[in-house]
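Chain by chain, the residues:
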Amino acid sequence: MTLESLSDRAAVATLLQPLDAGIEPALASLHARLVRSAQESHSLDIAYRVVDSPVGKLLLAATEHGVVRVAFERENHEAVLELLANTVSPRILHAPSRLEAAARQLDEYFSGTRKDFNLPLDFQLARGFRLNVLHHLPQIAYGRTESYAQVAQAAGSPKAVRAVGTACATNPLPVIVPCHRVVKSDGTFGGYLGGTAAKRRLLTLEAAA
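Calculation criteria
- Each residue is numbered by its place in its chain's sequence as written, counting from 1.
- Residues qualify for local features only when their pLDDT is at least 70, as the model is predicted, and side-chain atom pairs are given and counted only at 80 or more; totals for whole chains, interfaces and linings, by contrast, use all residues.
- Computation of side-chain values covers all heavy atoms of the structure but excludes hydrogens and water.
- Burial classes: relative accessible area under 20% of the type maximum marks a residue as buried, over 50% as exposed, and values in between as partly exposed (1.4 Å probe, protein chains only).
- Under the DSSP-based scheme used, a helix requires at least four consecutive residues in state H or I and a strand at least two consecutive residues in state E, with every element numbered from the N terminus.
- Arc definition: it is the arc formed by the directions from the helix axis to the C-beta atoms.
- The criterion used for residue contact is that any of the two residues' heavy atoms lie within 4.5 Å.
- Identification of polar contacts relies on pairs of N or O atoms within 3.5 Å, with a donor-acceptor requirement for protein atoms, meaning one able to donate a hydrogen and the other able to accept it, and with residues adjacent in sequence counted only if both atoms are side-chain atoms.
- Whenever Lys or Arg places a side-chain nitrogen within 4 Å of a carboxyl oxygen from Asp or Glu, that contact is recorded as a salt bridge.
- Here the aromatic set is Phe, Tyr and Trp, taking the six-membered ring for Trp, and pairing holds for ring centres within 6.5 Å; pairs whose planes are under 30 degrees apart are stacked, those over 60 apart are edge-to-face, and all others are tilted.
- Here the term cavity refers to a set of points on a 1 Å grid, laid over the protein atoms alone, in which a 1.4 Å probe fits but cannot get out; the term pocket refers to an open set having protein on both sides within 12 Å along at least five of seven lines, with lining residues being those that place an atom within 4 Å of a point.
- Grid points are joined across faces, edges and corners, and a volume is the space filled by probe spheres set on the points.
- Residues are sorted three ways: Asp, Glu, Lys and Arg are charged, Ala, Val, Leu, Ile, Met, Phe, Trp, Tyr, Cys and Pro are nonpolar, and all the rest, Gly among them, are polar.
- Two strands qualify as a pair provided that DSSP identifies no fewer than 2 bridges between them.
- Axes, fitted as lines to C-alpha atoms, cover a helix only where it is in contact. Angles between the N-to-C directions of the axes lie from 0 to 180 degrees.

**As for helix H2 (residues 77-87)**
For an α-helix, the turn length of 3.6 residues means that residues three or four places apart are oriented alike. The complete set of buried residues in H2 reads His 77, Val 80, Leu 81 and Leu 84. Relative to the axis of H2, the buried residues are bounded by an arc of 100° and lie together on one face. Residues of H2 that are exposed and point over 90 degrees away from its buried face: Glu 78, Glu 82, Leu 83 and Asn 86. Where H2 is buried, its residues meet strand S1 (46-51), strand S2 (58-63), strand S3 (66-72) and strand S4 (92-94). Its side-chain oxygen at 3.1 Å from the backbone nitrogen of Glu 78, Asn 76 defines the N-terminal cap of H2.

Put into structure tokens, the structure is as follows:
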């Protein structure tokens, strides 16, 4: 390789360096403009962001009506977004500002300074008896638990104990809608969408408050 070719490559690298350095800020600016434009034209149906938490990364998604989905990392966030695109709307964008209140309240909850969530929620992913169960769950006091049988009774179908389990296992809004407070009649945890370790962590957090 000649000295001239080395010199030419160095010159090209020097020219490209400022461009490369400016790509990420430029893309971020373009994305922000796209989000603003989508919001102003009412073409953004679902906004989402990912937040860190003591139980792993959580995907938060919201429609104009409220938070529609909270997903644990083990659920595969990409798969969750794809399902939302197929069942709710394909007009989805990463728009963290739309979920600022949800992210802040979750942070307060995990730090032990918040016991109740005050957020608009969109329950369109739940129907029938499952929806009845989800509406009851926030009535279980912070730091307390109820059995699947107790929840079935409160939701209006005393014999639907297994259906309560299904409702909790498919809860689209875990943590915010506290299905982790539902346990077996013998006091054991039972299943949980985020995994047994996550359920234990949440119950331990609330018990320590």
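**Some points on the pattern of salt bridges**
In this structure the tally under the stated criterion is 7 salt bridges. Between Asp 45 and Arg 91 there is a salt bridge, and its shortest N-O distance comes to 2.8 Å. Of the two residues, Asp 45 sits in the loop between helix H1 (3-40) and S1 while Arg 91 sits in the loop between H2 and S4, which places them 46 residues apart along the sequence. Of the residues examined, Asp 45 reaches a relative accessible area of 22% and is grouped as partly exposed. By relative accessible area, which is 42% here, Arg 91 ends up partly exposed.

**With respect to the packing of aromatic side chains**
Inspection of every chain in the model, using the stated rule, returns 4 aromatic pairs. Centroid distance Tyr 109 to Phe 110: 5.2 Å. Interplanar angle 70°. Geometry classified as edge-to-face. Taken individually, Tyr 109 and Phe 110 each receive the classification buried, so the pair is uniform in this respect. Measuring from ring centre to ring centre gives 6.3 Å for Tyr 109 and Tyr 142, while their planes differ by 85°; the resulting arrangement is edge-to-face. Here the residue Tyr 109 occupies a position in helix H3 (residues 100-110), and Tyr 142 occupies one in the loop between helix H4 (128-136) and strand S5 (146-147), the gap between them amounting to 33 residues. Both residues of the pair, Tyr 109 and Tyr 142, count as buried. Among the aromatic residues, those joined into a ring-pair cluster are Tyr 109, Phe 110, Phe 117 and Tyr 142.

**Quick look at the layout of surface pockets**
In this structure, the largest pocket spans a volume of roughly 230 Å³. As for the largest pocket, its lining consists of 14 residues, of which Arg 69, Leu 83, Leu 125, Thr 170 and Pro 172 are closest to the centre. Of all the elements in the fold, those that place two or more residues in the lining of the largest pocket are H2 and H4. The biggest single contributor to the lining of the largest pocket is H2, with 4 residues. Looking at the lining of the largest pocket, its residues break down into 8 nonpolar, 3 polar and 3 charged. Its boundaries defined by the atoms lining it, the second largest pocket holds a volume of some 160 Å³.

**Some words on the pairing of S3**
Successive side chains on a regular strand alternate, one facing one side of the sheet and the next facing the other. Within S3, 7 of the 7 residues are buried, which leaves it mostly tucked inside the rest of the structure. Taken together, S2 and the strand that follows it, S3, pair antiparallel across an intervening segment of 2 residues.

**Side note on the sheet that holds S2**
Taken together, 4 strands build an open sheet; the order of strands is S3-S2-S1-S4 and the sheet is mixed. Two strands close off the open sheet at either side, each with one partner strand: S3 and S4. Across this sheet, the average inter-strand angle for adjacent strands is 25°, counted without regard to direction. Taken together, the 3 bridges between S1 and S4 define a ladder with parallel strand orientation. For Ile 46, the partnering residue across the bridge sits in S4 and is Ile 92. Against the sheet, H2 makes contact with S1, S2, S3 and S4, and its axis sits at roughly 145° relative to S3, the strand it touches most. Sheet strands in contact with H3 are S1, S2 and S3, and its direction is about 140° off that of S2.

**Structural notes on unusual backbone geometry**
In this structure, Asn 76 is a non-glycine residue whose phi angle is positive, near 75°. Take Asn 76: its relative accessible area is 41%, and that puts it in the partly exposed class. Even without a glycine there, the phi angle at Val 175 is positive, about 75°.

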